[in-house]
Amino acid sequence: MLADNLKVLLASTQSFAIKSQNFHWNIEGSDFPQYHAFFDTLYGDVSGTIDQIAEYIRILGHYTPGSLTRYAELTIITDQTKIPRAELMFAESLQDCEKMSELVVAMFDEATNERQQGIANFMAELQDLYGKKAWFIRSILKKERE
Ligand SMILES: [Fe+2]
């Protein structure tokens, strides 16, 4: 059901935002200023989508989950309790962007089938967001030109 998937998307977005802020705070390396800034922007862009997801759940007539316990139950993003090396932070964030993309692409189809065009439009915007972030991270991780 679309509302249930929006709850999964909300929890996953909260998880991804927390992880991005963790990496913003704790990343280290010779390109620290750029890495620190990248994760700050990632955190800001991801967390900037939270309220709209939550309000769509309410628009569909459901209550919005708002607790860490519920988010941990619902999220598709794996929590990171350690402080990985910079390259692993980027690799993990790339995987997370790909997971988020897959979810919003599936939800675009579901929203379209249910004629929820505003939600479909929002899912298309989120696909663009996560596609763009994945491109940035792939470019950061690339060692040399093929
Ligand atoms: Fe900061």
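Bear in mind that the values here come from a model prediction, so they are computed numbers and not experimental data. (Residues numbered from 1 in each chain as written. Predicted model: local features only at pLDDT ≥ 70, side-chain atom pairs only at ≥ 80, totals over all residues. Heavy atoms only, no water.)

**Quick word on the pattern of salt bridges**
In step 1: Considering all chains together, one arrives at five salt bridges under this definition.
In step 2: One salt bridge in this structure joins E73 and R70, with 2.8 Å as the shortest N-O distance. Taken together, the positions of E73 and R70, both in helix α4 (residues 68-74) and three residues apart, correspond to about one turn of that helix.
In step 3: In this structure R70 comes out as partly exposed when scored by relative accessible area, which is 34%.
In step 4: The residue K143 makes a salt bridge to E87 at a minimum N-O spacing of 3.4 Å. On the criterion of sequence distance, the pair formed by K143 in the segment after α6 (117-141) and E87 in helix α5 (residues 86-113) is long-range, its members being 56 residues apart.
In step 5: Assessed through its relative accessible area of 65%, K143 is described here as exposed.
In step 6: Note on E87: relative accessible area 41%, which makes it partly exposed.
In step 7: Through salt bridges with shared partners, a single network forms among K19, E92 and D96. (Salt bridge = Lys/Arg side-chain N within 4 Å of Asp/Glu carboxyl O. Helix = DSSP H or I, 4+ residues; strand = E, 2+ residues; numbered from the N terminus. Buried < 20%, exposed > 50% of the residue type's maximum accessible area, 1.4 Å probe, protein only.)

**Things to note about helix α2 (residues 32-47)**
In step 1: Over its 16 residues, α2 extends 22 Å from the first C-alpha to the last, a length consistent with the 22 Å expected when each residue adds 1.5 Å.
In step 2: The set of residues buried in α2 consists of Y35, F38, F39, L42 and V46. Looking straight down α2, one finds that the buried residues subtend no more than 90° of arc, so they occupy a single side.
In step 3: Contact partners of the buried residues in α2: α1 (2-26), α3 (50-59), α5 and α6. (Expected span 1.5 Å × (residues − 1). Arc of directions from axis to C-beta. Contact = heavy atoms within 4.5 Å.)

**Overview of the packing of aromatic side chains**
In step 1: Going through the model one piece at a time under the given rule, you end up with nine aromatic pairs.
In step 2: Here F23 and F39 contribute two aromatic rings whose centre-to-centre distance is 5.5 Å and whose plane-to-plane angle is 85°, an arrangement assigned as edge-to-face. You can see F23 sitting in helix α1 and its partner F39 sitting in helix α2, a full 16 residues away along the chain. You'll find F23 and F39 in the same group, each marked buried.
In step 3: A connected cluster of aromatic rings, assembled from ring pairs, spans F23, Y35, F38, F39, F90, W135 and F136. (Phe/Tyr/Trp six-rings, centres within 6.5 Å; stacked < 30°, edge-to-face > 60°.)

**Thoughts on the nonpolar core**
In step 1: The biggest cluster of nonpolar side chains holds 42 residues, and the ones touching the most others in it are L6, L9, F16, F39, M123, L126 and Y130.
In step 2: Among the elements of the structure, α1, α2, α3, α4, α5 and α6 are those that each provide at least two residues to this core.
In step 3: Ranked by residue count, the leading element in this core is α5, at 10 residues.
In step 4: Those residues within four positions of F39 in sequence are excluded, and the remaining contacts are S20, F23, H24, I27, M89, F90 and S93. (Core = buried A, V, L, I, M, F, W, Y, C linked by side-chain atoms within 4.5 Å.)

All quantities given are derived from atomic positions and should not be read as evidence of function.
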